[in-house]
Amino acid sequence: MNKNTANHSVPANMVHLMGMAWKHYKIVFILILLQMITGGLLPLMGLYLPVVAVDLVLAERELNQVLLLLGSFVGVMAVLQIANNVAQRGKYAFQNSIRNIYMRLAFFKSMDCDFQLIETSKGQNWYEKVVDNLSSGDWSATSRMFNAMAAIISSGISFIFLISILAVLNPVVLIALTGLSILGYIIDRFPLNFENSQRDYEADLNKKKSYLERSMGDIAVGKDMRLYNMPPLFARLTDEILAKSFAIRTKILNSYFAANTLQGMLSLVRDGLAYAYCIWQVVQGNITIPEFILFMGAISSFSGWLGGIVENLLMLKRENVIFNDLRGFLEATNTMNPANPLDISEIKHPVDIEFKNVSFRYSPDTPPILDGLSFRIKANEKVALVGVNGAGKTTLVKLLCGFYKADSGEILLSGINIDRFRRDDLYTMFAAVFQDICILPLTAGENISFNSTQKSDKGRLVDVLKTAGVYEDLMKYDSGIDTPMTKEISENGVVLSGGQQQKLTLARALYKNAPVIILDEPTAALDPIAESEIYEKFHQVTGETTALYISHRLASTRFCNRILLMKDGKIIESGTHDALMQASGVYANMYEIQSHYYKDEVNVNA
Amino acid sequence: MRKDDEIRGVRGALKVYKMIYRIDKLSIILQFPIAFIANLQPYLALFVTGYILNGFVTGETLNNLLHIALIFVGVRFGLNVLLRYMEKVQQAHNDIAIKKIYLEKSKKYMEVDFELLDSPAINEIRERISRDNQWGAGFTNTLPYLRWFLGGTFGFLIGGVMMIPLFISSGVGGVSIFMAGMFAVAGISSWVKSKFFGQGLLKLMQPGKHQDKYRTEFSNFFLWRGNLQSLYKTARIYNTSPYVKALINSETPKRVAFAKKYTWYQGGEAFLSSLTTGLFLVGAYLFVAARAVAGVIPVGDIVFFAGTIKNMADNFFVMTSGFTFMVEQCDRVQSTMEFMELENKQYKGSLPVEKRRDGEYEIEFKNVSFKYSGSKNYALRHFNLKLHIGQKLAIVGMNGSGKTTMIKLLTRLYDPTEGEITLNGIDIKKYDYKEYMGIFSVVFQDFKIFSFTLSDNLALGRAFDKDTANLALDRVGLGERIAKMSNGFSTYMYNHYDEGIEISGGEGQKLALARALYKNAPIFVLDEPTAALDPIAEFEVYSMFNEVIQAKKENTAIFISHRLSSCRFCDDIAVFHEGQLIQRGNHDMLLSDTQGKYHELWNAQAQYYNEK
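Residues numbered from 1 in each chain as written. Chains lettered and ligands numbered in written order. Predicted model: local features only at pLDDT ≥ 70, side-chain atom pairs only at ≥ 80, totals over all residues. Heavy atoms only, no water.

Asker: Sorry, what's going on with the overall build of chain B here?
Answerer: Per the secondary structure count, chain B includes 23 helices and twelve strands. What you see for chain B is a C-alpha radius of gyration of 36 Å, clearly larger than the 25 Å of a compact globule of 612 residues, by over 25%. Projected onto the principal axes, the alpha-carbon positions of chain B cover approximately 115 × 55 × 50 Å. Counting only residues that meet the buried cut, chain B has 56% of its 612 residues in that class. The contacts of chain B with a sequence gap of at least 6 include a subset with a gap of at least 24, amounting to 77%. Accessible surface computed for chain B: about 25000 Å², of which carbon and sulfur atoms make up 57%. Mean positive and mean negative side-chain charge positions of chain B (70 and 61 charges, respectively) differ by 7 Å. (Helix = DSSP H or I, 4+ residues; strand = E, 2+ residues; numbered from the N terminus. Rg over C-alpha atoms; globule rule 2.2 N^0.38 Å. Buried < 20%, exposed > 50% of the residue type's maximum accessible area, 1.4 Å probe, protein only. Contact = heavy atoms within 4.5 Å. Areas by Shrake-Rupley, 256 points an atom, 1.4 Å probe, with all protein chains shown as cover. Lys, Arg positive; Asp, Glu negative; His and termini not counted. Charge placed at Lys NZ, Arg CZ, Asp CG, Glu CD.)

Okay, here's the thing in structure tokens:
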């Protein structure tokens, strides 16, 4: 399993970011450089501007000369300012385009990576963290690193000049200022550390607040909300959260206020001494009036500039951690593919499936879901898999499809261990209808072929939609099979009912026409007549394929050649319906319970 | 995608800040003194520096100069402490005000008519809200932009006051002409900027304008959400990624074109504003320096006045751009405001519901027709049904036959399009809404167990009574499970809210039933409660429910299921088809009509269980 981050240093990630800029949008690269250089010179010129002006006037030059010299100086400054501003704001859109590229890469990765990377809660949190950050615009790690990087280089340039100015004035002053800045930095750490120590608590409050907001806004909850008169409950919980948020925020802000007051005292001492020292020097005739302006400017800028550099360095360090989450996700290697994969054509059709003593658990500290599971499905056999909730049926499917690797034991397709194939190749063997229905905001047809309508086999599309029993429903809309699905991105989109969605996913599986078809509870949302239609078509649906059918409706098992009953991660009964009924085991009991009220003769009060 | 009747511009901004003021006064009031003090400080510093410089030239004593410098440093410290104090109070209020607004918005979902909640009208507003929020942080930015604008305004005005001495010392005429010239330039530049770049930028950012209707945010759908759990399996088995990638990548040219335009407008705006401030800088220094060379003002005033003019110019742009951004930001929350101000249309009467005079409830649907708004077809059509207290009614029918719709009408989530529903002969609209809702205990198919404590999940805001809760939990067979929980009724469910325990789908279903029992209303409604359960859990739920409704003769029960076997214990079965009641009677009666829908439905399922 991959660790949840990468380990690149700040400079390495800066190079990476600038590399992305160079590769995709050179304009960003160029504008950032421009911003760095002009941003380095501008504060210096700002420092010198009043010095130059006063100097020229005091030197009693001709008006023409004063205007010319001062004019050129200010003119250069204005040009730099324009360049800096244009660079800074002009890069915004394309800098965000680079962020968008990262978002794409992350999403593409979520489709292409090892399944377990994205399905485990650890992996999901990882991806969610990455997307959350990338989607937070100016607050995202990419934007912040770009900005902090530009700021550090510029302020680095000007700060070096500042140090040399002060060194000329008096090295002792430089040392004193450095000392004060360090002291100031230490003072600033206290509220920061306090805020950091409260971060989990605040995050928890925010999490709860979001949960409350989501729940209140959840339309599905709307019915219960009204019938059970829940608003008072939510009012109570939100008030609790708000009071706690306000209390902790106030505490944190108080600690910042205390630190700021201390900082203010430091400035009081610093500025007092600076004024006293410089005024005294002027009165003594040691420095000139323009120099006074320069030194006062330099002294009062010192801690601010230094502080800015430190802040940006810290920001880079912080954002680098988040950026490494992103890079780690993008760079996570797919471990499921073998070093020397076999060609998928090695699997003989029709396919038979065998599980040999397979055990599996999701993590070392949870109980095993599959426990020494063995069974065989012959080529072209239709097998029903039944069992109570939590018996391990869905996990079995995930292992068979190659989403997870068995901890021990072997899974064979036509006698070959599935671990010997590349995952992408292995996936071509299966057509599956999963319990959690996935309808994308594409047209109905595209949702089945995952290709544009022009490139799809239109005849086949119509056939499978008819077989699945949803063709007529789609034809009710003007665009037929080109009707956009869901309202997510299209106002004309259609939201199909649960039953229709189930039929659509069934059509998708039929269209793929893979050697193994897996149906995981495909009729849960259907009414009796639609359900019965699907059963009747079952043989037509599964045709010349090996089929695995999971259902709670035991009636459906009658259409299968054989029934496997799963309990606690093992197959405990196997045989035809009649054989299992005769055996009077677990299956017979379940069947009896379910058919209880369907029997012609029944004691209603039983 | 902006509606024309949305309030915009200054009026819209005023409305936004009024609302924030209503929610938290300090978050707005404190902005004024903060902006004032913060913008006074730079002028004070300039003034003192100028004063000291002049002192050097005129040969002021060291003592006097030190005196002034130290007083200034002290005053600055005092102002700073005051400023920081107000800032911290404001920030805490700012933070909480924004949180409260969003919570209020969420609360609105609980208050609007259900009919509205699920309507195209609200979906349209929601769509606008989400688009408006794509560029800009919604309410979060409204207060900082106000501060930005106020800061610029105060900075500009204070600067104006500071200039008075220059007017006096160097003649009103010259300075006035100079200043008028400068600000005329600024004004023209502001106008040009807004005309050619600002407006363009606004238009560009107006959601939906630069993109097609269909597949506008195709990539956003995929990129902006962290969790598309149902996609991951399908993506792999059906190899969706080439097509989805191609579609997402096909949006690149559109994005680049957008970014280019954006860069042009932004860059142009930046160019013009910095060009103007540059002109100001040059003009101010040259003007003041010329005055100093002419001997009209002392040399220290160069620093003071040039700095002041520069500061005024900067603030002028902060003020104008702050204003633009502020108004624009407020525009973007108007959709949210509109949502928060939605008015309920459903008629809600005030009649009290008679307390249970046993056996006296009678519900009747009289020729009721209903269609969902935006839909062409009737979900119920000329529907008639009578129901007495204590009756157990099972409703069966195909998907889309109107079963759930009938429940939604009965429970006043929707009102009939035509016809009326009566309780004891009186139109249900005339009853007090909350009281009327109080007579139902409903378990919907898509019920939700919250990640709150067990007691909150059972009582849902009503007073919690342990005995009632224990009784309900025992009834549904969860008593033992609860007894084992270390925190008892304070145990949290799931982990979404607080650290809690995981419960299975079956247990969740039982808990939903328990909370209906806890409410103990006279009329029970169950809408398909067992779709996700295995046969054994399903049987348990049926038996349990049967027990519960048999136990209290006066309880009315309505039960919807696709599993027809579960209806068999009901003495009264209603068969729905295409929005109408087509058959009604007990099981044997209905089954004997071999041409009837019930016979067809029953056999579709029962055939598999009866053949030997």
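Now that the structure is up, let's keep going.
Asker: What exactly am I supposed to notice about the pattern of salt bridges here?
Answerer: Close approach of charged atoms allows side chains with opposite charge to pair. For the structure shown, the criterion picks out 42 salt bridges over all chains. Across the pair B:Asp498 and A:Lys208 runs a salt bridge whose closest N-O atoms are separated by 3.0 Å. Here the residue B:Asp498 occupies a position in the loop between strand 7 (492-493) and strand 8 (500-501), and A:Lys208 occupies one in helix 9 (residues 199-217), the pair thus bridging two chains. Between B:Arg584 and B:Asp572 there is a salt bridge; the shortest N-O distance is 2.7 Å. Of this pair, B:Arg584 sits in strand 12 (residues 580-585) while B:Asp572 is found in strand 11 (residues 572-577), placing the two residues twelve residues apart along the sequence. According to the relative accessible area criterion, B:Arg584 is partly exposed, its value standing at 26%. (Salt bridge = Lys/Arg side-chain N within 4 Å of Asp/Glu carboxyl O.)

Asker: When you look at the sheet that holds strand 1 (residues 353-360) of chain A in this model, what are you seeing that I'm missing?
Answerer: In a beta sheet, neighbouring strands pair by backbone hydrogen bonds and run either parallel or antiparallel. All names here are of chain A. Pairing is antiparallel in the open sheet, where four strands are placed in the order 2-1-4-5. Here the strands that pair on one side only, and so sit at the sheet edges, are strand 2 (370-377) and strand 5 (416-417). Pairing of strand 4 (residues 408-413) with strand 5, which is carried by two bridges, proceeds in the antiparallel orientation. Among the inter-strand pairings, Leu-413 is bridged to a residue of strand 5, identified as Ile-416. Its contacts with the sheet put helix 13 (residues 393-400) on strand 1, strand 2 and strand 4, and the angle it makes with strand 1 is roughly 115°. (Pairing = 2+ DSSP bridges. Axes fitted to C-alpha atoms, helices over the stretch in contact; angles between N-to-C directions.)

Asker: What's the story with the pairing of strand 10 (residues 556-560) of chain B in this structure? I'm lost.
Answerer: Strand residues, when the strand is regular, have side chains that alternate between the two faces of the sheet. All names here are of chain B. The buried fraction of strand 10 amounts to five of the five residues, a majority that puts the element mostly inside the structure. Because side chains alternate across strand 10, one face comprises the buried residues Thr-556, Ile-558 and Ile-560, and the other comprises Ala-557 and Phe-559, equally buried. Across four bridges, strand 3 (residues 392-397) lies against strand 10 in parallel orientation. When the sheet's bridge partners are listed, Leu-393 is paired in strand 10 with Ile-558.

Asker: Before we go on, may I ask you to explain the packing of aromatic side chains in this structure?
Answerer: Aromatic rings in a pair are described by how distant their centres are and how their planes are angled relative to each other. With the rule as written, the count across this model stands at 58 aromatic pairs over all chains. Here the aromatic rings of A:Phe257 and B:Tyr85 are separated by 5.5 Å at their centres, their planes lie at 65°, and the arrangement is edge-to-face. Taken together, the positions of A:Phe257 in helix 11 (residues 231-284) and B:Tyr85 in helix 4 (residues 62-111) put the pair across two chains. Three or more aromatic residues joined by ring pairs form one cluster here, namely A:Phe115, A:Phe360, A:Tyr362, A:Phe403, A:Tyr404, A:Tyr427 and A:Phe434. In this structure, A:Lys223 is placed above the aromatic ring of B:Phe444, and the distance from its NZ or CZ to the ring centre is 5.0 Å. Taking NZ or CZ as reference, B:Lys348 lies 4.5 Å from the ring centre of B:Tyr433, over its face. (Phe/Tyr/Trp six-rings, centres within 6.5 Å; stacked < 30°, edge-to-face > 60°. Lys NZ or Arg CZ within 6 Å of the ring centre and 35° of its normal.)

Asker: Would you take a moment to explain the pairing of strand 7 (residues 516-520) of chain A for this structure?
Answerer: Residues and elements named next belong to chain A. For strand 7, the buried fraction is high: five of the five residues fall into the buried class. Summarising the sheet, strand 6 (residues 430-433) and strand 7 pair through four bridges and their orientation is parallel. Bridge pairing links Val-433 to Leu-519 in strand 7. With five bridges joining them, strand 7 and strand 8 (residues 546-550) adopt parallel strand pairing. Paired with Ile-517 across the two strands is Ala-547, which belongs to strand 8.

Asker: When you look at the state of the cysteines in this model, what are you seeing that I'm missing?
Answerer: Any covalent bond linking the sulfur atoms of two cysteines counts as a disulfide. Applying the stated criterion across every chain, the model contains zero disulfides over all chains. Left unpaired, A:Cys401 is separated from the closest cysteine sulfur, that of A:Cys438, by 14 Å. (Disulfide = S-S within 2.5 Å.)

Asker: Please explain the sheet that holds strand 2 (residues 380-388) of chain B as it appears in this structure.
Answerer: All names here are of chain B. Here four strands make up an open sheet; going across it, the order is 2-1-4-5 and the pairing antiparallel. Every other strand in the sheet has two partners, leaving strand 2 and strand 5 (426-427) as the edge strands with one partner each. One ladder, built from two bridges, connects strand 4 (residues 418-423) with strand 5; its direction is antiparallel. The residue bridging Thr-422 from the neighbouring strand is Asp-427, located in strand 5. Helix 15 (residues 403-410) contacts strand 1 (362-370), strand 2 and strand 4 of the sheet and is inclined by roughly 120° relative to strand 1.

Asker: Even after reading the chapter, I still don't get the interface of chain A and chain B, so can you show me in this structure?
Answerer: Buried accessible area, meaning the area lost when the parts come together, often serves as the stated size of an interface. Taken together, the 162 residues of chain A in the interface contact 159 residues of chain B. Carbon and sulfur atoms supply 68% of the area that chain A and chain B bury against each other, a total of about 15300 Å² over both sides. In terms of surface lost to chain B, no three residues of chain A exceed A:Arg226, A:Tyr228 and A:Tyr598, which account for 7% of the buried area on that side. Across the chain A-chain B interface, the total number found is nine salt bridges. A:Asp436 is the salt-bridge partner of B:Lys233, the closest N and O atoms lying 3.2 Å from each other. Where chain A packs against chain B, one counts 25 residue pairs in polar contact (both at pLDDT 80 or more). Among the elements that make up the side of chain A that touches chain B, the one with the highest residue count is helix 11 of chain A (30 residues). Across the side of chain A that touches chain B, the residue classes break down as 94 nonpolar, 35 polar and 33 charged. (Buried area = accessible area lost by both parts, 1.4 Å probe. Polar contact = N/O pair within 3.5 Å; in protein donor to acceptor, adjacent residues only side chain to side chain. Nonpolar A, V, L, I, M, F, W, Y, C, P; charged D, E, K, R; others polar.)

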